[in-house]
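Report on the structure
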Amino acid sequence: MLAPPTIAAMKLTVLGGSAASPNTGMGCAGFLVETGETTLVLDLGPGTLPELRRHTNFRTLDAVVISHMHVDHVLDLLALRHALAYNPVPALAPIPVWLPPGGIDILETATAPFDACDEPGRFAATVRVAEYAPAQPLRIGDAVVTFAPAVHYVPAWAMRVHASGVADLGYTGDTGPRANLARFFAGVEILIAEATLLDGGDDLAAERGSLTAAEAGALAEAAGARALVLTHMWEERGIAACARQAATTFGGQIEIAIPGFTVSW
Ligand SMILES: [Zn+2]
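First things first, this report covers the structure right here in the doc. (Residues numbered from 1 in each chain as written. Predicted model: local features only at pLDDT ≥ 70, side-chain atom pairs only at ≥ 80, totals over all residues. Heavy atoms only, no water.)

Quick look at the packing of aromatic side chains
For the coordinates displayed, the defined rule picks out 4 aromatic pairs. On the basis of an interplanar angle of 10° and a centroid distance of 3.9 Å, the ring pair of Tyr 132 and Phe 147 is categorised as stacked. With a gap of 15 residues between them, Tyr 132 in the loop between strand E6 (127-131) and strand E7 (138-140) and Phe 147 in strand E8 (residues 143-149) connect regions that are remote in the sequence. Each member of the pair Tyr 132 and Phe 147 is classed as buried. (Phe/Tyr/Trp six-rings, centres within 6.5 Å; stacked < 30°, edge-to-face > 60°. Helix = DSSP H or I, 4+ residues; strand = E, 2+ residues; numbered from the N terminus. Buried < 20%, exposed > 50% of the residue type's maximum accessible area, 1.4 Å probe, protein only.)

Considering the coordination of the zinc ion
Coordination angles at a metal have ideal targets, namely 109.5 degrees for four tetrahedral donors and 90 or 180 degrees for six octahedral donors. Around the zinc ion, the protein contributes the donor atoms His 68 (NE2), His 70 (ND1), His 152 (NE2) and Asp 174 (OD), at 2.2 to 2.3 Å from the metal centre. Considering all 4 donor atoms around the zinc ion, the spread of angles at the metal, 90 to 170°, places the coordination shape in the irregular class. Each donor residue of the zinc ion lies on one chain, and together they are spaced H-x1-H-x81-H-x21-D. Of this pair, His 152 sits in the loop between E8 and strand E9 (157-163) while Asp 174 sits in the loop between strand E10 (166-171) and strand E11 (190-194), and the two are 22 residues apart along the sequence. (Donors = N, O, S within 2.8 Å, 3.2 Å for Na, K, Ca; no water. Tetrahedral: all angles 85-135°; square planar, octahedral: opposite > 155°, others 65-115°.)

Quick word on the state of the cysteines
Across all of its chains, the model carries 0 disulfides by this definition. Counting only cysteine sulfurs, Cys 28 is the nearest neighbor of Cys 242, a cysteine outside any disulfide, at a range of 15 Å. By relative accessible area, Cys 242 is classed as buried at 1%. (Disulfide = S-S within 2.5 Å.)

Regarding the pairing of strand E1 (residues 11-16)
For a regular strand, the rule is simple: side chains alternate between the two faces of the sheet. Taking burial as the measure, the 6 residues of E1 include 5 buried ones, the bulk of the element. Both E1 and strand E14 (residues 262-264) contribute to a ladder of 3 bridges, which runs antiparallel. Bridge pairing links Lys 11 to Ser 264 in E14. The pairing of E1 with strand E2 (residues 30-34) spans 5 bridges and is antiparallel. By the bridge assignment for E2, Thr 13 is matched with Leu 32. (Pairing = 2+ DSSP bridges.)

Digging into helix H3 (residues 76-86)
For the α-helix, the turn length of 3.6 residues means that residues three or four positions removed from each other point alike. Judged by how many residues are buried, H3 sits mostly within the fold: 8 of 11 residues are covered. Looking at H3, one finds that the buried residues are Asp 76, Leu 77, Leu 78, Leu 80, Arg 81, Ala 83, Leu 84 and Ala 85.

Observations concerning the environment of Ala 143
Position of Ala 143 relative to the elements: it lies in strand E8. Measuring from C-alpha to C-alpha, the distance between Ala 143 and Ser 164 comes to 7.9 Å, with 21 residues separating the pair along the chain. Residues contacting Ala 143, with those up to four places away along its chain left out, are Thr 35, Thr 38, Leu 40, Leu 138, Val 161 and His 162. (Contact = heavy atoms within 4.5 Å.)

As for the pairing of E6
Pairing of strand E5 (residues 95-99) with E6, which is carried by 5 bridges, proceeds in the parallel orientation. In the sheet register, Pro 96 faces E6, and the bridge partner there is Arg 128. Each parallel crossover has a hand, and for E5 linked through helix H4 (residues 103-115) to E6 it is right-handed. (Right-handed = clockwise from strand over helix to strand, strands pointing away.)

Regarding the sheet that holds strand E3 (residues 39-44)
As summarised here, the arrangement of the 7 strands in space is E6-E5-E4-E3-E2-E1-E14, forming an open sheet in which the pairing is mixed. Each end of this open sheet is capped by a strand with a single partner; those strands are E6 and E14. Shown here is a sheet whose adjacent strand axes are inclined to one another by a mean of 20°, direction ignored. (Axes fitted to C-alpha atoms, helices over the stretch in contact; angles between N-to-C directions.)

As for the sheet that holds E11
Pairing within the open sheet is mixed, and its 7 strands lie in the order E7-E8-E9-E10-E11-E12-E13. Each of the sheet's edge strands pairs with one partner strand only, and the pair in question is E7 and strand E13 (253-256). Across this sheet, the average inter-strand angle for adjacent strands is 20°, counted without regard to direction. Judged from the 7 bridges that link them, E8 and E9 form a sheet pairing that is antiparallel. Along E9, the bridge assignment pairs Val 145 with Val 161.

Read these as layout, nothing more, since geometry by itself doesn't imply function.
Below, the structure written as structure tokens:
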């Protein structure tokens with residue numbers, strides 16, 4: 001007898017949507033992506049692990065993939081290591097953590113003082129850390145993550161998640177407009193785009209490492225995304241103002257990266 005076919009689907013759950021530090025009740029960058037067989041997290045910034053626990057078992061993630069090594073995208077990796085080391089319900093295996101090139105040295109430097117607090121290697125053994133090669137697709141279960149260079153203040157990578165039979169998901173990570181990511185994101189169902197700014201200032205497109213909300217909308221429009229999820233925003237700048245500005249350049253559905261927001265397709 002034939003096994004029933006796996007239903008092709010992808011589900012995004014937002015874990016946080018704040019810019020460089022958490023907004024009130026909203027952690028920083030973190031996105032749970034579930035395909036038919038695979039559970040991924042893209043970035044794990046401060047305040048995202050508590051939200052992750054609401055939606056999935058943190059002990060059985062198939063991978064965490066990090067866009068770049070800014071603290072608002074990686075800090076809860078440290079919390080995850082301690083969760084895995086001390087939680088009374090143990091994990092069956094280390095969690096794979098994929099960092100950008102150069103990320104291993106940065107993470108080891110950041111974690112060294114905390115590693116010294118317990119038996120050597122205890123926390124490091126909870127994860128299996130490796131660096132992805134951005135020019136190569138990264139296959140994780142039935143999902144494939146591809147990368148494109150962002151323009152940011154440290155090396156940073158935009159990501160596109162593919163699983164067969166379902167439209168892709170795009171995530172800008174942090175980037176300025178000069179990255180020209182429209183072709184990389186062409187045809188995605190959902191584009192998660194950073195919208196840090198309302199005013200790009202005078203350095204338009206030069207070396208700026210963040211997008212305005214209007215630029216996020218324009219990117220989604222040029223890519224032909226069905227829906228845009230705005231992220232990396234300051235509450236002081238006005239999240240509703242970001243959404244209004246993005247709507248001036250994108251005609252599709254606009255959502256805010258509020259923790260717990262989910263969309264399936
Ligand atoms: Zn950044």
